[in-house]
Amino acid sequence: MSETVVLKVKMSCQGCVGAVNRVLSKMEGVESFDINLEQQKVTVKGNVKPESVLQTVSKTGKVTSLWEANEAKPENVSKPNDPLAKTEPVSKPNDPVAKPEPVSKPNDPKAMAESGSKSTDAVAAA
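The structure presented is a predicted model; accordingly, all values stated were derived computationally and were not measured. (Residues numbered from 1 in each chain as written. Predicted model: local features only at pLDDT ≥ 70, side-chain atom pairs only at ≥ 80, totals over all residues. Heavy atoms only, no water.)

Q: For the packing of helix α1 (residues 14-26) against helix α2 (residues 50-58), give the residues involved together with the corresponding values.
A: The geometry of α1 relative to α2 is characterised by a closest axis approach of 9 Å and an angle of 135° between their N-to-C directions. If you check the angle between α1 and α2, you find them oblique. α1 and α2 meet at a crossing whose hand is right-handed. When α1 is examined against α2, the residues V20, V23 and L24 are found in contact with a partner set consisting of V53, T56 and V57. Of the residues belonging to the contact of α1 with α2, the class tally is five nonpolar, one polar and no charged. (Axes fitted to C-alpha atoms, helices over the stretch in contact; angles between N-to-C directions. Helix = DSSP H or I, 4+ residues; strand = E, 2+ residues; numbered from the N terminus. Parallel < 35°, antiparallel > 145°, perpendicular 65-115°, else oblique. Left-handed = near helix turned anticlockwise from the far one by under 90°. Contact = heavy atoms within 4.5 Å. Nonpolar A, V, L, I, M, F, W, Y, C, P; charged D, E, K, R; others polar.)

Here's what the structure looks like:
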């Protein structure tokens, strides 16, 4: 009976992918497998048991666990009308970061005096 086993494997480079590839290639009962470095996901198909695949991939020294069903969904995506979905405002009313700083005009004499620069009008008159 063919089964699909999905694992979450902590991989950081192509060397990690090669190590997982090597142990799965030697594993009995494996018909095919896919290693996704970006998603940290390994999918194995064949006449295999999830615990056997987990144990075999763990031999690489990589942190390995069974892929949970809720991990298959993209992160931070909420369904419309989901009462459990948390939404936060983009900026809080008293957030100092959200307040825009005043911008001085290029020929504003007050701003020029504060920065120690001469206005272009004063330079032209000199």
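Q: Would you mind going over the nonpolar core in detail, with residue names and values included?
A: The biggest cluster of nonpolar side chains holds 17 residues, and the ones touching the most others in it are L7, M11, V20, L24, V42 and V53. Put simply, the parts of the chain that give this core at least two residues each are β1 (3-9), α1, β2 (30-36), β3 (41-46) and α2. Setting aside its immediate chain neighbours within four residues, L7 contacts Q40, K41, V42, V53, L54, V57, T64, S65, L66 and W67. (Core = buried A, V, L, I, M, F, W, Y, C linked by side-chain atoms within 4.5 Å. Buried < 20%, exposed > 50% of the residue type's maximum accessible area, 1.4 Å probe, protein only.)

Remember that the coordinates give geometry; whether it matters functionally is a separate question.
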